[in-house]
Amino acid sequence: MRHRVTTGHQSAHRRQRLGMAGLGTLVAILAMSPQSLAHRAAHRPMFVSVNGPSDYLNYDGDNANLSRNTRDWPLTLIFYRNAAVNKVGDALAARGYKNFGSPAYEPYHSGSGAHTRYDTSKGRKTDCDSHNNDYHYRFYAPGNTDRFYDLKYGYVVVASTHIDHNECTSGPKRYGRSEEVEQRIANDAEAIGWSVRRNHSALLNREPLRRDRNDPGHVWENNGIATDVRVP
Amino acid sequence: MVATQPIDHDGLRSLAQLGHPALIVLSTRTRRSRAIVFRLPRHAAQGPSHWYRVRLHFRADVSGSGQGFGYVNVITGHGVTASTEFVTPRRKPPARMSWNTVNTAGERKYTATRRVVDVDFRNYIVESDVSSGIHRLVFQLQQYRGLRFRRVAIRADSGVERTSVSPYPMTLRLTASPPAGGASSVVAVLANTTTKPITGVKLLAMASKNAMIVGPRDVRWPSVPSGGRVHKAFSIVARYGARGSVDVVGASSKGVVHARLKDIPVVQAPAPSETRGDRSSSWAPVGVLAGCVAGLGAIARRRKLRGSRGAPARELDTRS
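What you see is a predicted model; the values in this text were computed from it and never measured.

Cut-offs used in this document
- Residues numbered from 1 in each chain as written.
- Chains lettered and ligands numbered in written order.
- Predicted model: local features only at pLDDT ≥ 70, side-chain atom pairs only at ≥ 80, totals over all residues.
- Helix = DSSP H or I, 4+ residues; strand = E, 2+ residues; numbered from the N terminus.
- Buried ≥ 20, exposed ≤ 12 C-beta atoms within 10 Å, placed from the backbone.
- Contact = placed C-beta atoms within 7 Å.
- Pairing = 2+ DSSP bridges.
- Axes fitted to C-alpha atoms, helices over the stretch in contact; angles between N-to-C directions.
- Expected span 1.5 Å × (residues − 1).
- Nonpolar A, V, L, I, M, F, W, Y, C, P; charged D, E, K, R; others polar.
- pLDDT = per-residue confidence, 0-100.

Counting secondary structure elements, chain B contains 2 helices and 18 strands. Within chain B, the fraction of its 320 residues that count as buried is 33%. Residue pairs in contact within chain B that sit at least 24 positions apart in sequence constitute 69% of those at least 6 positions apart.

Here is the structure:
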């Protein structure tokens, strides 16, 4: 469980399931009012960190609040040791993550401060591939400085991941499969030359593969254990 | 030059005291300093009594054309312990340049139109780099895109420091006392290490599977003053085995802290009725429910068997 890696067969099966869900998803989305398009995480979101004293919520969100019903994607990546948003963004841009997405919000506590603050990130994503997928990650850190400090991990940036399907075409749009993008970015980080510990840090945000009850276009999937990427 | 004296008392051990009285000058050409050796004493670790941190004091002259970013880092072995990020804008001077520092206390951001700035801050060394023996301190520059460091002068009053100030707003220590009076005792002491009172303080204790807490498992205080401490003794008895562990969580307006004490000697509960009293109240409804379900199940099985086989009840009793 701790070292679970998505296999090609599993990925193909999931793509098939997503494909079959397409028409139903479109109908469901058209039938729903915007108010009902809230995403409900499988678990109650909580503040986590490797060691602290800074911590961050284990899900980002559509809005700057802590509601379980407005969570967007689980955090799946921890860039550590000497990470910063500028540095990570620059390096991954060279691997194709050069487009911007829509903003999401990450609650956090910086240092030993008690007040919850929110970082906003549009993240970066790739161009659409032949399956009409683009791969999107959003990195988070305190807004002023773009990195946390953790006594065990050093300078840290955390990220959520997901696939955007059909954003570049007129087909039914679907989003999700965070785990798959986590592994993809881990591969990219290894290609850059950074060391990667796959599925290493439990962030207590496991999401069984399923469509969200309120928004079937939102496909949850995460094993709850983040991949750590060491940035030199 | 090897520093033979370990850093075994509170205070700063400057670069001058570590054998490097002169400025350390880095630039785009020389991006990494030579290693400066320091020694930590036996049993050195990050907390709970003593903490180690670095002071980074330097003057940076930033040049370059166009947008970019760069870092002045202190490396203490496995990784970067203190770092300052500089970000230059797309436009040329006098456009504002920004720089920031992040440490355990939080983050600070500064902006200025000038390109020569002084930076002085402290940060706690990453845990993996604090251990007894010889360590190496290295200063490093990293620069990306258009930013260039023309000159960075590391002051001799930078260095390594030992302090008793914790980076955490609260500390929690557990100590076990030997079994006495039929129970072991674990004393939890929560201290406020900040300069302001912390409010809504709560301690909650949980025992390992083979043990249980006797009496209240949680306690609350409305506030703890700056530098103040609160304590609570939890009594623990064994259900089986001779050793157990206790987890205590402290929560307050400043966050959460956790401590665990393993392998505590615990004694068996003196009388089952006394020790189960605390648990029976919360588990009683479950027991009653389970009893009802078991009873109904037995009746149903008996009727089913009686109907299918027509055997007398006495025989069924022996089979079941």
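The discussion continues.
The next thing to look at is the sheet that holds strand β13 (residues 198–207) of chain B. Residues and elements named next belong to chain B. Strands sit in the order β15-β13-β17-β18 across an open sheet of 4 strands; the sheet is antiparallel. Only two strands of the sheet have a single partner each, and these edge strands are β15 (218–224) and β18 (255–265). Mean inter-strand twist for the sheet, computed between neighbouring axes without regard to direction, equals 15 degrees. Where strand β17 (residues 243–252) meets β18, 9 bridges bridge the pair, whose relative direction is antiparallel. Its bridge partner being in β18, G244 is matched across the sheet by I264.

All names here are of chain A. Among the structural elements, A141 can be located in the loop between β9 (133–140) and β10 (148–150). What makes A141 buried here is the crowd of 29 C-beta atoms within 10 Å. Distance from A141 to H162, taken between C-alpha atoms, is 18 Å for residues 21 residues apart in sequence.

Okay, the sheet that holds strand β16 (residues 229–238) of chain B next. Residue and element names in this part refer to chain B. Here we have 4 strands laid out as an open sheet, ordered β11-β12-β16-β14, and antiparallel in their pairing. The sheet terminates laterally at β11 (170–180) and β14 (211–214), the two strands that pair on one side only. Recorded for the sheet is a direction-independent mean angle of 30 degrees between the axes of neighbouring strands. The pairing of β11 with strand β12 (residues 183–192) spans 9 bridges and is classified as antiparallel. Bridge assignment links A180 to a residue of β12, and that residue is A183.

Residue and element names in this part refer to chain A. If you check helix α4 (residues 178–192), its first and last C-alpha atoms are 21 Å apart, about what 15 residues at 1.5 Å a residue would give, namely 21 Å. Considered for burial, the residues of α4 that qualify are S178, E179, E180, V181, E182, I185, A186, D188 and A189. One or two residues past the end of α4 sits G193, with phi positive at roughly 110 degrees.

In this complex, chain A contributes 22 residues to the contact, which on the side of chain B involves 26 residues. Breaking the side of chain A that touches chain B down by element, the ones donating at least two residues are β4 (71–82), α3 (85–93) and β11 (154–165) of chain A. Along the lines of polarity and charge, the residues of the side of chain A that touches chain B split into 7 nonpolar, 11 polar and 4 charged.

Glancing now at the confidence of the model for chain A. Across chain A, pLDDT averages 83, with 82% of residues at or above 70. Overall, residues 1–36 of chain A carries pLDDT values under 50, and its contacts beyond four positions in sequence, including any with other chains, amount to 30 contacts.

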